[in-house]
Amino acid sequence: GPKVLQIPSHQIIDMGQMVTLNCDPVSNHLYFYWYKQILGQQMEFLVNFYNGKVMEKSKLFKDQFSVERPDGSYFTLKIQPTALEDSAVYFCASSLGGNQDTQYFGPGTRLLVL
Amino acid sequence: GDSVTQKQGQVTLSEDDFLFINCTYSTTTYPTLFWYVQYPGQGPQLLLKVTTANNKGISRGFEATYDKGTTSFHLQKASVQESDSAVYFCALVPLSGSFNKLTFGAGTRLAVCP
């Protein structure tokens, strides 16, 4: 099926540093998403993005978080500064349409903040 | 808000056993319902999607019926194999009031012993 890639697969950083998580979505998809999964807990929606704009974000999407997709390249999630509670696996997803359309997920980036 | 409940955190079966994973949902709108499967080190993959009440989704021997009356979407398989060992997530997207935001259940870890 359609593939979503995420780079890096793992990242370890010190608290207070900036981190950028990269997502290469399915090539013709127009809607992009980030989800957060803390170890042993359920996956939770962070944000979705379409046509260069955030359409919806959850309360987990703190002010320190930002997303962008400059010039159709990677869809990125930036956290600046990071906090200990940001340690989690972050999954990127993409879909062709936005109305209950199937989302395809990447393998995740495992972020550890020390 | 929207929620999905999976009561079973872990299910352990032997090969050829019958599988039943419980899922109930709560939402104010008419949702699309999903089952995603997640193998170790990978992102969630779509297993089933059903958009219409009283319809059944079938894929790879798994099936789930969208029961609007009991607000349930239980997953079943007649005969499991060791390769079915994974985490199964029930999820929903509401018809309106959301830009395709997925709400996940906590997941059910299936272990199938040979």
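The rules we used
Residues numbered from 1 in each chain as written. Chains lettered and ligands numbered in written order. Predicted model: local features only at pLDDT ≥ 70, side-chain atom pairs only at ≥ 80, totals over all residues. Heavy atoms only, no water. Pairing = 2+ DSSP bridges. Helix = DSSP H or I, 4+ residues; strand = E, 2+ residues; numbered from the N terminus. Axes fitted to C-alpha atoms, helices over the stretch in contact; angles between N-to-C directions. Buried < 20%, exposed > 50% of the residue type's maximum accessible area, 1.4 Å probe, protein only. Polar contact = N/O pair within 3.5 Å; in protein donor to acceptor, adjacent residues only side chain to side chain. Contact = heavy atoms within 4.5 Å. Salt bridge = Lys/Arg side-chain N within 4 Å of Asp/Glu carboxyl O.

Draft legend 1. Main features of the sheet that holds strand β3 (residues 19-24) of chain A. All names here are of chain A. Read from one edge to the other, the open sheet built from four strands follows the order β1-β3-β8-β7, with strand pairing classed as antiparallel. The open sheet has two edge strands, β1 (5-7) and β7 (65-68), and neither has a second partner. Neighbour-to-neighbour, the strand axes of the sheet open up by a mean angle of 20°, direction not taken into account. The pairing of β7 with strand β8 (residues 75-79) spans four bridges and is classified as antiparallel. Considered in β8, the bridge of Ser66 is made with Lys78.

Draft legend 2. Local environment of the side chain of Gln6(A). Residues and elements named next belong to chain A. Mapped onto the elements of the fold, Gln6 is located in strand β1. Judged by its relative accessible area of 8%, Gln6 falls in the buried class. Polar side-chain contacts of Gln6 include one of 2.9 Å to the backbone oxygen of Tyr90. Of note is the side chain of Gln6, whose polar atom sits 3.0 Å from the backbone nitrogen of Cys92. Apart from the residues within four sequence positions on either side, Gln6 is in contact with Asn22, Trp34, Tyr90, Phe91, Cys92, Gly106, Pro107, Gly108 and Thr109.

Draft legend 3. Just the pattern of salt bridges, in detail. Under the defined criterion, the tally for this structure stands at four salt bridges over all chains. Between Lys62(A) and Glu85(A) there is a salt bridge whose closest N-O contact spans 4.0 Å. Placement of Lys62(A) in the loop between β6 (53-57) and β7 and of Glu85(A) in the loop between β8 and β9 (88-95) is noted, with a sequence separation of 23 residues between them. A residue is classified by how much of its surface remains accessible, and Glu85(A), at 51% relative accessible area, is exposed. In this structure, Lys77(B) engages Asp84(B) in a salt bridge whose closest nitrogen and oxygen atoms are separated by 2.7 Å.

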